[in-house]
Amino acid sequence: MPFPSRHMGIHYFNEEETKMAKTIPYKIFLSEDELPKAWYNLRADMKEKPDPMRNPATGEEVPVEGLYPLFCEELARQELDTTTAFIDIPEDIQSFYKMYRPSPVVRAYCLEKILGTPAKLYYKFEGTNTSGSHKLNSAAPQVYYAKEQGLTHLTTETGAGQWGTALSMACAYFDIALTVYMVKISSEQKPYRKAVMETYGANVIPSPSDTTNVGRAILKDNPGTGGSLGCAISEAIEKAMTTENCRYVLGSVLNHVLLHQSVIGLEAKAALDKYDIYPDIVIGCAGGGSNLGGLIAPYMRDKLQGKDAPHFIAVEPASCPSLTRGKYAYDFGDTGRTTPVMRMYTLGAGFMPSANHAGGLRYHGMSPILSKLYHDGLLDEARAVEQSKVFEAATMFARSEGTLPAPESSHAIRVAIDEALKCKETGEEKTILFGLTGTGYFDMSAYMSYNSGEMSDYIPTDEDLEKGFASLPKIPGVE
Ligand SMILES: *Cc1c(COP(=O)(O)O)cnc(C)c1O
């Protein structure tokens, strides 16, 4: 079926459609009382747990104390907790969430109309806060627990800038100092992102910088470099290790981040339950896996408990295809190879997506929880899509639903549209829920390249991937 035209013109609903719209509102909200009071930990219901984190040198399992130099203690406990199903959301975090939550579940009536599909499309919209994405859901608790422990300073890296912005907002609220190493080329291309972080009080340092040994060494060898995410991570970690009362924090991939993001799915399910709506398909984009893990959490619980459950689809960029073409292997979380190793679908910590890839989701690996669910066939499907197809869907969504979506989110939009078009052919009235993780206001250079027809697709060859796989570590005692 051809993809519908981007030029759609004005559209009207007939009387019957308007009536239907009244039965199920455009936006389903929860009241403050109905907001989740605990996060849901998927691992508690998994019969087969994800493989443990290991020390790369010895192959031994990392004990909780082994994580204390990296994460604050409560986060270290959450990271390794595979048995507690519900973990209370501290009251201060519940209050923080109330500033921008609940996020709405939106019925995409206008998009359905344009597609002419009998499918019913819903999206959970996480872009209603200033950071413009779901990342604030984990930034807030991470800063809160750091503050509780008496830490005074946090460091992180940011590429596109959403995580750095979310963390700046949370650090301003809980009054903790923040240093953000921002990939130099991004800080030059996205000066407004940098300005937002500075407005919230963060110290934003273009990386590589002369504030760390790693940075100085890189600058000496490559004076003109625009930097890389791997290098920014190494600088942020070094700064945390050498600063008192300081820790490094990360915005995706880790188990505790997925735990915090379960608020997305818990809210979505509570809202849809009000109208007895149960999705047939749940779709999310997957970079490190945190929004997808959060969105599917309560529905995956149904599946783990043997009940009927939706068909789950993870969507990733064809240029960084960790689930669809990666290996399920122990790997480092960072390019600098400083973290403990985790078993996950990975392209190798040394993998670099093509420079012309503008659509985000550039991480080499995938959340160990999602990786395990995918490996065991519980996360049903992963699809890789090319960025020009992603922007085609993004544009159609913007013109029909009004919201300018983030390129990352648009991966999920693309597959939701593809599934809705399948329903048009078969006449099935499937209910589809997808995650709209954020807005695209700071991604206009990517939109500009699409609008001018200059956007190209790059799919790595098997040889390209082999180079990344060659960087996979050999862990003692692990096959
Ligand atoms: C960071 C980000 C993602 C991808 O991260 P996950 O951990 O895979 O969820 C997706 N959408 C937006 C808007 C983001 O900022």
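To start, this report covers the structure provided alongside it. (Residues numbered from 1 in each chain as written. Predicted model: local features only at pLDDT ≥ 70, side-chain atom pairs only at ≥ 80, totals over all residues. Heavy atoms only, no water.)

1. Remarks on the overall build of the protein
Our working definition: Put simply, DSSP marks the helices as runs of H or I at least four residues long and the strands as runs of E at least two long, and each gets a number from the N terminus on. A radius of gyration in this sense is built from C-alpha atoms; the matching globule rule multiplies 2.2 Å by the number of residues raised to 0.38. Should any heavy atoms of two residues lie within 4.5 Å, those residues are considered in contact. Surface exposure here means Shrake-Rupley accessible area, sampled with a 1.4 Å probe, where a residue is shielded only by the protein chains that are shown. Counting rule for charge: Lys and Arg are taken as positive, Asp and Glu as negative, and neither His nor the chain ends is counted. Charged side chains are reduced to one point each, which is NZ for Lys, CZ for Arg, CG for Asp and CD for Glu.
When its secondary structure is counted, the protein shows 19 helices and 15 strands. Here the C-alpha atoms of the protein give a radius of gyration of 21 Å, agreeing with the 23 Å that 2.2 N^0.38 yields for 479 residues. When its C-alpha atoms are laid out on the principal axes, the protein stretches across 65 × 50 × 45 Å. Considering only contacts in the protein between residues 6 or more positions apart, those separated by 24 or more positions represent 77%. Total accessible area on the protein stands at roughly 18,900 Å², and carbon and sulfur atoms take up 51% of it. Distance from the positive charge centre (46 side chains) to the negative charge centre (60 side chains) of the protein: 2 Å.

2. As for the pairing of strand β13 (residues 341-346)
To be explicit about the condition: Summary of the burial criterion: residues with accessible area below 20% of their type's maximum are buried, those above 50% are exposed, and those between are partly exposed, where the area comes from a 1.4 Å probe applied to protein chains only. Strands were regarded as paired on the criterion that DSSP finds at least two bridges between them.
Among the six residues of β13, five are classified as buried, and the element is accordingly described as predominantly covered. With six bridges joining them, strand β12 (residues 327-332) and β13 adopt antiparallel strand pairing. Its bridge partner lying in β13, Asp331 is registered against Met342.

3. Quick look at the sheet that holds strand β8 (residues 203-207)
What counts here: Axes, fitted as lines to C-alpha atoms, cover a helix only where it is in contact. Angles between the N-to-C directions of the axes lie from 0 to 180 degrees.
Read from one edge of the open sheet, four strands run β8-β7-β6-β9, paired in parallel fashion. Among the strands making up the open sheet, the edge pair consists of β8 and β9 (246-248). On average, each strand axis in the sheet is tilted by 20° relative to the strand beside it, whichever way the strands run. Judged from the five bridges that link them, strand β7 (residues 177-183) and β8 form a sheet pairing that is parallel.

4. Topic: the packing of aromatic side chains
Short version of the rule: Pairing of aromatic rings covers Phe, Tyr and Trp, the last counted by its six-membered ring, and requires centre-to-centre distances within 6.5 Å; plane angles under 30 degrees mean stacked, over 60 mean edge-to-face, and any other angle means tilted. Two thresholds decide whether a charge sits over a ring: the Lys NZ or Arg CZ must be within 6 Å of the ring centre and within 35 degrees of the ring normal.
Counted under the stated rule, the structure contains 17 aromatic pairs. Relative to Phe174, the ring of Tyr173 lies with its centre 4.8 Å away and its plane at 85°, an arrangement referred to as edge-to-face. By relative accessible area, which is 10% here, Phe174 ends up buried. Each ring, one from Tyr278 and one from Tyr299, has its centre 5.3 Å from the other, and the planes form 80°; the classification is edge-to-face. With a gap of 21 residues between them, Tyr278 in the loop between α12 (255-274) and β10 (281-285) and Tyr299 in helix α13 (residues 290-304) connect regions that are remote in the sequence. Among the aromatic side chains, those forming a connected cluster through ring pairs are Phe96, Tyr97, Tyr100, Tyr144, Tyr145, Tyr173 and Phe174. One cation-aromatic arrangement involves Lys327 over Phe469; the distance from NZ or CZ to the ring centre is 4.3 Å.

5. Considering the nonpolar core
Heads up, the condition is: By convention a nonpolar core is built from buried Ala, Val, Leu, Ile, Met, Phe, Trp, Tyr and Cys residues, the set being connected through side-chain atoms within 4.5 Å.
Trp39 and Leu373 are the most contacted members of the largest nonpolar core, which has 96 residues in total. Ranked by size, the runner-up nonpolar core spans 36 residues in total, among them Ala119, Val390, Ala393 and Ile413.

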